[in-house]
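# Structural overview
Listed below are the residues making up each chain.
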Amino acid sequence: LLYSASELCSLYGHEERAEQYARHYLSMAKLAHGEGSSAVGDAHAFLSALLSKRGCFDEALHQAGRLLDSRQRSAVSGADKSIADAHWNIAVLQNQLGQHQ
């Protein structure tokens, strides 16, 4: 419900409220599934996307890093597409911030 409310707020231009709902969604995912779960990783990914949309790239990068940590903890094998996607998201945000590596 929190995720859906956040998406609807974002869709209708209420970005600050969307971020609040996304943060609550992240908190509830942590409580329900545990810090290193894939559900928490999904919540970090969603929050990172919302923050990017608002132009808050520093905080989005932080959330993307948390996503990567979560994906690495829950990975079954060494070559996991979700880990590669998380690395890609971090690279895009770093590029946006001028932090080329």
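Let me begin by describing the structure that accompanies this report. (Residues numbered from 1 in each chain as written. Predicted model: local features only at pLDDT ≥ 70, side-chain atom pairs only at ≥ 80, totals over all residues. Heavy atoms only, no water.)

### Quick look at the pattern of salt bridges
The criterion, for reference: Any Lys or Arg side-chain nitrogen located within 4 Å of an Asp or Glu carboxyl oxygen qualifies as a salt bridge. In this description a helix means any DSSP run of H or I spanning at least four residues, a strand means any run of E spanning at least two, and both kinds are numbered starting from the N terminus. Throughout this description, buried means an accessible area under 20% of the type-specific maximum (1.4 Å probe, protein chains only), exposed means over 50%, and partly exposed covers the range between.
Counting across every chain of the model gives eight salt bridges. The residue E19 makes a salt bridge to R23 at a minimum N-O spacing of 2.9 Å. One end of the pair is E19 and the other is R23, both in helix α2 (residues 15–33) and four residues apart, which spans about a single turn. The exposure class assigned to E19 is buried, which follows from its relative accessible area of 15%. Exposure remark for R23: the relative accessible area of 31% places this residue in the partly exposed category. Taking the shortest distance from any N to any O, the salt bridge between D85 and K81 comes out at 2.9 Å. One end of the pair, D85, and the other, K81, are both in helix α5 (residues 81–96), four residues apart, so they sit about a helical turn from each other. Exposure remark for D85: the relative accessible area of 36% places this residue in the partly exposed category. On the basis of relative accessible area, K81 is assigned to the exposed category, the value being 60%.

### Re the environment of K53
To keep it simple, the criterion reads: Contact definition: two residues touch when any of their heavy atoms are within 4.5 Å. We call two N or O atoms a polar contact when they sit within 3.5 Å, provided that within protein one can donate a hydrogen and the other can accept it, with sequence-adjacent residues counted only if both atoms are side-chain atoms.
With respect to the helices and strands, the residue K53 is situated in helix α3 (residues 38–54). Judged by its relative accessible area of 53%, K53 is exposed. Residue contacts for K53: discarding those within four places in its chain leaves S10 and E15. At 2.9 Å, the side chain of K53 forms a polar contact with the side chain of S10.

### Some words on the nonpolar core
This is how the line gets drawn: Only buried residues count toward a nonpolar core. Its members are Ala, Val, Leu, Ile, Met, Phe, Trp, Tyr and Cys residues joined through side-chain atoms within 4.5 Å.
Of all hydrophobic cores here, the largest spans 20 residues; its most connected members are A22, L26, L47, L50, L68, I90 and L93. Elements that contribute at least two residues to this core include exactly α2, α3, α4 (57–74) and α5. Here this core gets six residues from one element, more than from any other, and that element is α3. Setting aside anything within four residues of it in sequence, one finds L93 in contact with S48, S52, F57, A60, L61 and A64.

### Quick notes on the packing of aromatic side chains
In plain terms, the rule: By convention, a stacked pair of Phe, Tyr or Trp rings (six-membered ring in the case of Trp) has centres within 6.5 Å and planes under 30 degrees apart, an edge-to-face pair has planes over 60 apart, and any other such pair is tilted.
For the structure shown, the criterion picks out three aromatic pairs. Ring geometry for Y3 versus F46: centroids 4.4 Å apart, planes at 50°, classification tilted. Of this pair, Y3 sits in helix α1 (residues 2–11) while F46 sits in helix α3; the two residues are 43 residues apart in sequence, bridging distant segments of the chain. Of the residues examined, Y3 reaches a relative accessible area of 32% and is grouped as partly exposed. These aromatic residues form a ring-pair network of at least three members: Y3, Y25 and F46.

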